[in-house]
Each structure stands twice: as structure tokens, then as C-alpha cells.
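Observations on chain architecture
One-letter residues, chain by chain:
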Amino acid sequence: MSMNDTRPNILLITSDQHHWSALGVHNPLLRTPNLDRLCREGTRFDRAYCNNPVCSPSRSTIITGMYPSWHGCWTIGVKLAEDVPTVGERFQEAGYATTLIGKAHFQPLRSEPGQESLEVQPKMRDLEFWRGFTGPWYGFEHVEVARNHGDESHAGQHYGIWLEEKGLTDWPRYFRTFDPQTGQQNERSHEGAWELPEEYHYSVWTAERSIAAIDRAHDEEKPFFLWASFHDPHPPYLVPEPWASLYDPDEMTVGYPLDPPLAPGEFERMPPQFAETQKVRPDFSQWRETPYGNHGFSSHLVPDEKMRRNIALYYGMVSLMDREIGRILDRLDELGIADNTVVVFTTDHGHFLGQHGLTAKGAFHYEDLLRLPFIVRWPGRVPAGRVSESLQALIDLPSTFLSAAGEPVPGVMQGVDQVPVWTGEAESARDHVITEFRHQPTKVHLRTYI
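Residues numbered from 1 in each chain as written. Predicted model: local features only at pLDDT ≥ 70, side-chain atom pairs only at ≥ 80, totals over all residues. Heavy atoms only, no water.

**Some words on the pairing of strand β4 (residues 142-145)**
Residues His142 and Glu144 of β4 are buried on one face, and the alternating residues Val143 and Val145, pointing to the opposite face, are buried as well. Two elements, strand β3 (residues 97-102) and β4, share 4 bridges in a ladder whose sense is parallel. In the strand pairing of β4, Ile101 is matched with Glu144. (Buried < 20%, exposed > 50% of the residue type's maximum accessible area, 1.4 Å probe, protein only. Helix = DSSP H or I, 4+ residues; strand = E, 2+ residues; numbered from the N terminus. Pairing = 2+ DSSP bridges.)

**A look at the packing of aromatic side chains**
In total, this model carries 32 aromatic pairs according to the counting rule given. Between Phe106 and Trp227, the ring centres sit 6.3 Å apart and the planes meet at 45 degrees, which makes this aromatic pair tilted. Placement of Phe106 in the loop between β3 and α5 (120-123) and of Trp227 in strand β8 (residues 224-229) is noted, with a sequence separation of 121 residues between them. Accessibility assignment for this pair places Phe106 and Trp227 in one class, buried. Measuring from centroid to centroid gives 6.0 Å for Trp171 and Phe175, while their planes differ by 75 degrees, and the two rings are edge-to-face. Owing to a relative accessible area of 3%, Trp171 belongs among the buried residues under this scheme. On the basis of relative accessible area, Phe175 is assigned to the buried category, the value being 5%. Members of the aromatic cluster, connected to one another through ring pairs, are Phe45, Phe91, Tyr96, Phe140, Phe225, Phe374, Phe401 and Trp422. When the ring centre of Trp378 is taken as reference, the NZ or CZ atom of Arg381 above it lies at 4.4 Å. (Phe/Tyr/Trp six-rings, centres within 6.5 Å; stacked < 30°, edge-to-face > 60°. Lys NZ or Arg CZ within 6 Å of the ring centre and 35° of its normal.)

**Re the environment of Asn27**
Of note, Asn27 is situated in the loop between β1 (9-15) and α1 (33-41). Owing to a relative accessible area of 3%, Asn27 belongs among the buried residues under this scheme. Within the local environment of Asn27, its side chain forms a polar contact with the backbone nitrogen of Leu29, the two atoms lying 3.0 Å apart. (Polar contact = N/O pair within 3.5 Å; in protein donor to acceptor, adjacent residues only side chain to side chain.)

**Examining a negative patch on the surface**
Residues Glu141, Asp219, Glu220 and Glu221 make up a contiguous surface patch of negative charge. Here Glu141 shows up in the loop between α6 (127-131) and β4. Note on Glu141: relative accessible area 32%, which makes it partly exposed. (Patch = residues over 30% accessible without salt bridge, like charges linked within 9 Å, V, L, I, M, F, W, Y side chains within 5 Å. Areas by Shrake-Rupley, 256 points an atom, 1.4 Å probe, with all protein chains shown as cover. Salt bridge = Lys/Arg side-chain N within 4 Å of Asp/Glu carboxyl O. Lys, Arg positive; Asp, Glu negative; His and termini not counted. Charge placed at Lys NZ, Arg CZ, Asp CG, Glu CD.)

**Some details on the packing of helix α7 (residues 157-165) against helix α8 (residues 202-219)**
Taken N-terminus to C-terminus, the directions of α7 and α8 make an angle of 90 degrees; their axes are 11 Å apart at the nearest point. With respect to α8, the element α7 is oriented roughly perpendicular. For the pair α7 and α8, the contacting residues are His158, Tyr159 and Trp162 in the first and Tyr202, Val204, Trp205, Glu208 and Arg209 in the second. Of the residues that constitute the contact of α7 with α8, the class distribution is 5 nonpolar, 1 polar and 2 charged. (Axes fitted to C-alpha atoms, helices over the stretch in contact; angles between N-to-C directions. Parallel < 35°, antiparallel > 145°, perpendicular 65-115°, else oblique. Contact = heavy atoms within 4.5 Å. Nonpolar A, V, L, I, M, F, W, Y, C, P; charged D, E, K, R; others polar.)

Below is the structure:
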């Protein structure tokens, strides 16, 4: 950064589908020393919420500062229009280096005819295409992206290029294949210990390429706006050793930190799709909106033994990611720029690990899915070691980042400026959060007022 430019760097670090309690500061079984370090050096906000509990709408809100009902990406399978104003564009105009590394998910792999085609899947492995494309995209002047979780067939993109550069030329053998005739992955994912060596894991790639982006901005003497977007701990529950064996399933508690996981009669007062999840062969046909179904509309019956194993693997995925987050934080220290960098760690939405009899995500608005881990560090500005109960929402991030950089906030952004709350100058910036799940005229329309 130029010696004359004192504006702060902005580093947004996100995980994917991360239960709010899956931090060492909440759970003594879980090892997250680097996220715990952020908690010690910054402020942990314990009442942070997403504005939509599925990936694409939530991530689109993070970059637009708009509700899904306004930016238009209302579910997975719907494309965020590329002409929607984004926070990255504002930072570019202000002279910042803007970079996205990791998972984006602003566009679908499959969708309604006319929006996307099945050719999207094979294109993920067309590395020549991705060698020629690094942006600009959605306001980021430089992007390096990958769309898969675990061994999903759509591995490739810039992650695949990195794997080949690392010498793993046979990398496709660690991932499932795709049948363009059926639009389906050909092999069922295995869960547990992934044969992929840990040095080739996409969490390692995300950290390494994020560090490269920081170095590039530092060499160019430019402030940066960087989104380091990690893929885990989103299922499948698959992680290399030694992380797959780091936690003992017998020590896991189904539904932690809530007990009991499902209360008797709990779903009797809920919409009918809740109770349908507890059937061996549920029927969600009345809520079907696209040829591909809605996330979470399947049986959620998981034997306790398998759920405990899933939790242990989920924690292993978090711990591997935590190590890589530590590498990014260490690089800020090495360059001497940590004191002038706003670091935010959060996720796109939560996750069910047996709470309320549910698993993963879907149209089920409980705290486990809506509430987020949320940590802010800005040395000298954000109090260290503080825990705050003030409401935070993902929709606030663009407005707050721009305000922290001294830049004007566009009127199209619907979030609020949280800088006074982050710095301890104000008790609260909002008295409610709204979370949408779809919106009219869809078949599933939930809106939660927090």
C-alpha cells in the first residue's frame, strides 16, 4: 500500500454452511486456534444472522447489500444478473484491488431451460477456458474460483489449474465423474477419509491464492478488498487424514448444543414440510418448483451413529480450514499490515447436525440455520476480546465495508452501517433482522423477523 494511502484493507473470510457453535470458544471439543485468536483480538458478535439460508441468495446478498427479493437470486438454480450493482465495483472505483478466491456460487450448475445448460458441468473441467478467465466478474477485477464440495464432479476451474501446477496431473481420479446425458454425477460420494492428500485440498488452495492476492496488492501499493471464500464444512462429510480422524465420533453429541434434538410434538405447530422430513419416504411434490427440487426436501432421518460420525468429520473439516485461515492471518503480520486491515470472519448460513431432527439445510427457520459465527478484528478500532449481543446481518457487510474505507454507500444498498457498533461507539445499529426463504409467487414462502 502506498505510504500516502491510509485507508484500511478489507479482508472477508467466509466458510460455507457453518453452524454458529462450531468454534472452539463455544465448544471445548473443537480445535479452532486461529478463529479463537480472532475472537481474542477482535469482537465476537453472537447475534449475527443471514438474510437467506441457502448459498446463492445469501452470497449474492453479501456482494450487493440487497435482499434476495430485490437482487433477484431467490434460490439455488437462479442466476444473479451480472449487471446488478456490487460492492466490488464501488471499491474498484475507489482504487482498491478487488479479488475473490474460492467459492462464488452466484450462478447455477443446472437450472430452468434457457437460463443455463448441462454444458456448465463439463466446462468446470475445461482448464483452458479458466486459464483465460480471471475476471472482471461481479465487481471483482480478479477471481480464482472453484465450485465443488468434497469430491463433487464439477471440480476444476482455477482449483484444477492449481492442482496441475502442483504436479497432481491425475487429479480427476479423486473426484466423481459427470454424465452429460442424464445430468447426474456417476458415482456416489463416499464420506469419511478422503484419499486426496491434504496438501492438495481446496482449503489449502484458497489460503495460498488469497495470500498471493494480498502480496500482489502490497507490491502494487494498493489497498485491497479480498473475499477469501472457503468451501467447508459444507457436506459431503469428506476430509483427508489426519483431519478425518481428529475427532472421535463417540465423543460427539447429536444436536449439540441443543438437547433434546427433537422435542415431542414439535412439528405439530409448524408448516407441513417440517413433519414430512421425519418420514422414510417423504412426499414433497406439492412444493416442487424446478425440475431439481428444493434443498432439504428429503428424509432427514439419520441414525445417531451416522450423525455422530458426520459431526466428527464436520469438525475435522472446520479444523483444517482453521489452519489455513491462520496462514492468511500470519501473512498480514509478516507484511506488517494487520493493524490496517479489517478482518471479518463469518459464513453464508448455518447447518443442522441433528438439531430438531434435521440435517444440512432447507426451508426450516431455526437458529441453527439462520444464526452465524461472526467475528470482527480491526486493531485499535474494534475492541479486543469483546462479546457483543448487537444484531448483525450479512446484508450490512457492503455498507459497513465501504463506510470503514471512508467511501460513500450507494442508496441501492439496503443494509445499515455497523462501523459504530463494531468500534463500540454505538450499542446497536438495527433492532431487527429479516430472513427470507424464497419470496412470492413461489410455492415455499417463509419470512422470519428476528
